[in-house]
Structure formats: C-alpha cells, structure tokens
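If you want the building blocks of each chain, they are given just below.
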Amino acid sequence: MTAGEEPGELNPDEFMYGEEDFVLQAAGWGDPASAPSRFDRVLLAGWSDRMERGLFRYRLGPLPTRVLPGPVRLVAQLNEQRSAERRPPQPVRSLRDPFDPGAFNFTRLRPAELLFRLRRTGGPGPPPDPLLVAINASPLGQGHVLLLPEPARRLPQLLTAPALRGALEAALLSAHPGFRVGFNGLGGGASVNHLHLHGLYLDQPLALEEAPAEPLGPRLGLLRSGPAPAFLFFAPGPAALEPVSRAVCRAAEHLGGVGLAYNVLATRG
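Conventions and cut-offs
Residues numbered from 1 in each chain as written. Predicted model: local features only at pLDDT ≥ 70, side-chain atom pairs only at ≥ 80, totals over all residues. Heavy atoms only, no water. Helix = DSSP H or I, 4+ residues; strand = E, 2+ residues; numbered from the N terminus. Polar contact = N/O pair within 3.5 Å; in protein donor to acceptor, adjacent residues only side chain to side chain. Contact = heavy atoms within 4.5 Å. 1 Å grid on protein atoms, 1.4 Å probe; cavity = no way out; pocket = protein on both sides within 12 Å on 5 of 7 lines; lining within 4 Å. Points joined across faces, edges and corners; volume = space filled by probe spheres on them. Nonpolar A, V, L, I, M, F, W, Y, C, P; charged D, E, K, R; others polar. pLDDT = per-residue confidence, 0-100. Buried < 20%, exposed > 50% of the residue type's maximum accessible area, 1.4 Å probe, protein only. Pairing = 2+ DSSP bridges. Axes fitted to C-alpha atoms, helices over the stretch in contact; angles between N-to-C directions. Core = buried A, V, L, I, M, F, W, Y, C linked by side-chain atoms within 4.5 Å. Expected span 1.5 Å × (residues − 1). Lys, Arg positive; Asp, Glu negative; His and termini not counted. Salt bridge = Lys/Arg side-chain N within 4 Å of Asp/Glu carboxyl O.

The name given to the protein in an unreviewed UniProt entry is GDPP1 phosphorylase, with Chaetops frenatus as the source organism.

Below, the structure written as structure tokens:
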C-alpha cells in the first residue's frame, strides 16, 4: 500500500475506452476472419499470465462440453476442479443480507489478481462508474473474470444500475460472440455477498439468443422457452444502456421485494 491509499483500495492499470471502441456487430460463430478486440487481447493476455503465475485455485485445461438434447438445448460443461476446490459459498439468510466485513470479500484480493480498471472517456452520456476487472480464482472457463464496482465501498450483492451499465459496456468492448456478462443474486447462485458481476467467454451459441419473446412493452418481452421464465430487456445501441440498466434494476428490486431470487444475463441477441 502506498501513501494516501485507504485500506482495501486497489489501484491496477487503467483501460481507457470510448464509444469508438464498442463492437456493435460481433464476429459470427466460426468466422475465420474474426479478430479479437483490444479489450479481448488485454483481458485474455492478463488472464493467461495469472494462470501461468499460479494465482488460480487450479489449472484450467480444455473442458468437455456438449449441448444436451431437448428443446432448451442447455450447454453443459464438466469442470470437476471448480466443484472440489472453489471457496465454499457464503450462507444466505435473506435476499437482503447486509455486507459482512468479517466474511471473505473483494477488498481482500491480492493486487496481482487484478487485471485493469475499466474507465470510459467521452459519450454517449455520462460515463458509468469505473469497474475493476479481476480474475475469478475458481474459473468456469478461460477468461472468466469478475467485474467489481469499487470494492472499498463494501456494497452488498444487490444489483445497481451504474454497475450494470458498466458491465454492459464491457460486453460491447468484446468482439467475441460468446463473451457474456452475468449477475447472480443472493439465493440465485451468488457465493460472495459483495457487489460483483461476471464476464465469461463461452464458445457456444445459446438457444435463448434466438428464442421468441412475448412483447410486454417497448424493448421489453417475456421469454418462456428457457430453463426458467425470464424478462427480456433489449438495448438497440449504446445510448439505450442507461435506461435499460435502470429498468432491469427496477425489476430486480421488485423481485427481491416479493422474496424471489434472480439472475441477470447479458448477451447479444
């Protein structure tokens, strides 16, 4: 820690980006001419470097993957090491559990686990809060990272619009069609009660990306064909990310208020 830093403050290199860095049309599946974006190159190079330095709980090799039969076409991967060696999830007593400074949280990350801090300059609209990008020490797959609003704020695992908008912009920085962003709520798979989202490369299209939606309103639909019913929020471009983020968080707050756990997945449709 250097002079002037607060306990738990983390200061990695910054990844500065602007609207010109957004990849509005990602490469197609199996496109031999596709090239990774600057974001992809920096993230994957840093991630591989930390793997070689032994900063993960296990060394990740190729994962057996298959699409399960049936109309939902679930993508299944076998990752035995994660099941055996990940940190045990924290117990959940309530969907609104407060942050517990005595439990594991992301202020305890080692500086070497951080890849960079995302910071936007310029439009559209005011920039979102910066996000730290850190390795997930128990990865689901290659390039699995955590997207963290400033950990020193000690926010519980309740989705906020600024954090979601920053994560959605991160998704637009990737040229890979399988880079997705996700949020697990308390009771919905979250293992740490400290605000974070996930970024993950998965080399498989998902059935829900082509599933029909029942229209409920402007840029809002209902998906019934997935493994569970889901609301579909659609953003046609970067300028719509802010209102969509606020709408998703209003829906999440309503679900949490009636005692329903929820997850959020951001993907290209």
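There's plenty left to go through after this.
A. How the structure looks around the side chain of Arg50. Within the fold, Arg50 resides in helix α1 (residues 38-52). There is a polar contact of 3.3 Å between the side chain of Arg50 and the side chain of Asp49. Those residues in contact with Arg50 that sit more than four places away from it in its chain are Leu55, Phe56, Ala112, Leu114, Leu115 and Ile135.

B. Seen up close, empty space enclosed by the protein. One pass over the structure, following the stated rule, counts one cavity of 30 Å³ or more. Considered as a void within the structure, the largest cavity measures approximately 30 Å³ in volume. Taken together, Tyr17, Leu118, Arg119, Arg120, Pro128, Asp129, Pro130, Leu131 and Gly166 make up the lining of the largest cavity. It is strand β4 (residues 114-120) that contributes the most residues to the lining of the largest cavity, three residues altogether. When grouped by side-chain class, the residues that make up the lining of the largest cavity number five nonpolar, one polar and three charged.

C. Spatial organisation of the confidence of the model for the protein. The pLDDT averaged across the protein works out to 92; a share of 96% of its residues lies at or above 70. Below pLDDT 50 for its whole length, residues 1-8 participates in eight contacts with residues either more than four positions away or in separate chains.

D. Region of the structure containing the pairing of strand β7 (residues 179-184). With respect to burial, β7 is a largely interior element, five of its six residues being buried. In this structure, β7 lies alongside strand β8 (residues 197-201), joined through four bridges in antiparallel fashion. From the neighbouring strand, Arg180 faces β8, where its bridge partner is Leu200. Sheet topology note: the β7/strand β12 (residues 263-266) ladder contains four bridges and is antiparallel. Within β12, the residue paired with Gly182 across the bridge is Leu265.

E. Highlighting the sheet that holds strand β9 (residues 214-217). Pairing is antiparallel across the open sheet formed by three strands, whose spatial order is β9-β10-β11. Sheet topology places β9 and β11 (230-233) at the edges, where each strand pairs with a single neighbour. Averaged over neighbouring strand pairs, the angle between their axes works out to 35 degrees when direction is ignored.

F. The arrangement of the nonpolar core in detail. Counting 43 residues, the largest nonpolar core has Phe39, Leu118, Leu159 and Leu197 as the members making the most contacts within it. Here this core takes nine residues from helix α3 (residues 161-173), the largest share from any one element. Residues within four places of Leu159 in sequence aside, it is in contact with Leu164, Phe183, Leu195, Leu197, Val248, Cys249, Tyr262 and Val264. Of all hydrophobic cores here, the second largest spans nine residues; its members include Phe106, Leu114, Ala134 and Leu148.

G. Inspection of unusual backbone geometry at higher detail. The phi angle at Arg154 is positive, at roughly 55 degrees, despite the residue not being glycine. Positionally, Arg154 belongs in the loop between β6 (145-148) and α3. Judged by its relative accessible area of 36%, Arg154 is partly exposed. Of note, the phi angle at Arg219 is positive, near 60 degrees, even though the residue is not glycine. Tracing the backbone shows Arg219 in the loop between β9 and β10 (220-223).

H. Here's a closer look at helix α4 (residues 241-257). Under the 1.5 Å per step criterion, the end-to-end length of α4 is 24 Å for 17 residues, consistent within 8% with the ideal 24 Å. Among all positions in α4, only Leu241, Val244, Ser245, Ala247, Val248, Cys249, Ala252 and Gly256 are buried. The inward-facing, buried residues of α4 abut α3, β11 and β12. Positioned one or two residues after α4, Gly259 has a phi angle of 85 degrees, which is positive.

I. A look at the side chain of Asp97. Locating Asp97 in the fold gives a position in the loop between α2 (80-85) and β4. An unpaired buried charge is present at Asp97: no salt bridge exists, and Arg93, the closest side chain of opposite charge, is 4.0 Å distant. At a separation of 3.0 Å, a polar atom in the side chain of Asp97 contacts the main-chain amide nitrogen of Arg93. Once you skip the residues sitting within four places of it in the chain, Asp97 turns out to touch Pro91, Val92, Pro156, Leu186 and Asn193.

J. Structural detail: the layout of surface pockets. Size it by volume and the second largest pocket reaches roughly 490 Å³. In terms of lining, the second largest pocket is formed by 26 residues, of which the most central are Gln142, His176, Tyr201, Leu202 and Asp203. Of all the secondary-structure elements, those providing two or more residues to the lining of the second largest pocket are α1 and β8. With five residues, the single largest contributor to the lining of the second largest pocket is α1.

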